[in-house]
Amino acid sequence: MAFFDDLGKKITQVSQSAVQKTKDITEIAKYSALVSDEEKKIKDLYSEIGKLYVQLHADETEGQLGEKVAAIKESEKKIEEYNQTIKELKGYVRCEKCGAEVQNNMSFCSACGNPMAKPEPVVDENLVKCSACGNMVEKTMRFCTKCGNPMGAAQQPQNKCCPNCGKAVDTDAAFCTECGTKL
């Protein structure tokens, strides 16, 4: 029976030890989280101090701090340019009157009602419009790449000849302008 009493005491001691270790681990985790919170506060404060320094002393470029301030200003400029490019790619333009962002297909600013400037379409001298479908095709193409319409006929109206006198006449003419023969 003494064996079971000793076994019971040892089990009790082990369980009490496990409970204590669990409490200790919980306390360690709690204090570790508090330390992390304080370290984050310090990091945020350093960041705020740096931003404040740059705002107050941006014109003072001396030594290492001056170089870092200049690098920050250059990066901020690039970020603004990149953000503007992103807005343009997304289809937004800035209203000239109030500065609001407006989709580039809008006729008026949604914030102030100012008429939005329409960009002039870019005209390529090497392109012609297909008479059948309206697709823009290179001048050197013989056929439209969209509908297959012959492009040479669309670009240059071809003349036909009068069967009586041989004079060249327009394709849509009903009579010859030279001899008056019905075509």
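Above this text is the structure in question.
Residues numbered from 1 in each chain as written. Predicted model: local features only at pLDDT ≥ 70, side-chain atom pairs only at ≥ 80, totals over all residues. Heavy atoms only, no water.

What follows covers the overall build of the chain. Of the regular secondary structure elements, the chain holds three helices and six strands. Seen in sequence order, the chain has helices and strands lined up from the N terminus as α-α-β-β-β-β-α-β-β. Its C-alpha atoms give the chain principal-axis dimensions of roughly 140 × 65 × 35 Å. Classification of the 183 residues of the chain by burial places 10% in the buried group. Within the chain, residue pairs in contact and separated by at least 24 positions form 1% of the contacts whose partners lie at least 6 positions apart. (Helix = DSSP H or I, 4+ residues; strand = E, 2+ residues; numbered from the N terminus. Buried < 20%, exposed > 50% of the residue type's maximum accessible area, 1.4 Å probe, protein only. Contact = heavy atoms within 4.5 Å.)

Structurally, the position occupied by Ala 18 is in helix H1 (residues 2-56). On the basis of relative accessible area, Ala 18 is assigned to the partly exposed category, the value being 39%. Measuring from C-alpha to C-alpha, the distance between Ala 18 and Tyr 46 comes to 42 Å, with 28 residues separating the pair along the chain.

It is worth spelling out the pattern of salt bridges at this point. Within this structure, the stated rule accounts for six salt bridges. One salt bridge connects Glu 38 with Lys 41, and the closest N-O pair in it is separated by 3.5 Å. Highlighted residues: Glu 38 and Lys 41, both in helix H1, separated by three residues, approximately one helical turn. With relative accessibility at 44%, the residue Glu 38 sits in the partly exposed group. You can call Lys 41 partly exposed: its relative accessible area is 49%. A cluster of three or more residues bridged by salt bridges with shared partners is formed by Lys 87, Arg 94 and Glu 101. (Salt bridge = Lys/Arg side-chain N within 4 Å of Asp/Glu carboxyl O.)

Turning our attention to helix H2 (residues 63-90). A rise of 1.5 Å per residue sets the reference length of H2, with its 28 residues, at 40 Å; its end C-alpha atoms lie 41 Å apart and thus fit the reference within 8%. One or two steps after H2, the chain reaches Gly 91, where phi turns positive at roughly 95°. (Expected span 1.5 Å × (residues − 1).)

One pass over the structure, following the stated rule, counts zero disulfides. For the unlinked cysteine Cys 95, the closest cysteine sulfur is that of Cys 112, found at 3.7 Å. No disulfide involves Cys 179; its sulfur sits 3.6 Å from that of Cys 162, the nearest cysteine. Under the relative-accessibility criterion, Cys 179 is labelled partly exposed at 35%. (Disulfide = S-S within 2.5 Å.)

The grouping of Phe 3, Phe 4, Leu 7 and Ile 11 at the surface amounts to a nonpolar patch, some 460 Å² of accessible area in total. By the element assignment, Phe 3 lies in helix H1. (Patch = residues over 30% accessible without salt bridge, like charges linked within 9 Å, V, L, I, M, F, W, Y side chains within 5 Å. Areas by Shrake-Rupley, 256 points an atom, 1.4 Å probe, with all protein chains shown as cover.)

What follows deals with the environment of Thr 140. For Thr 140, the location among the structural elements is in the loop between strand E4 (136-138) and helix H3 (151-155). Considering only alpha carbons, one finds Thr 140 and Arg 94, 46 residues apart in sequence, at a separation of 39 Å.

With respect to the element layout, Leu 7 can be found in helix H1. Put simply, Leu 7 and Ile 72 are 65 residues apart on the chain and 69 Å apart in space, counted from C-alpha to C-alpha.

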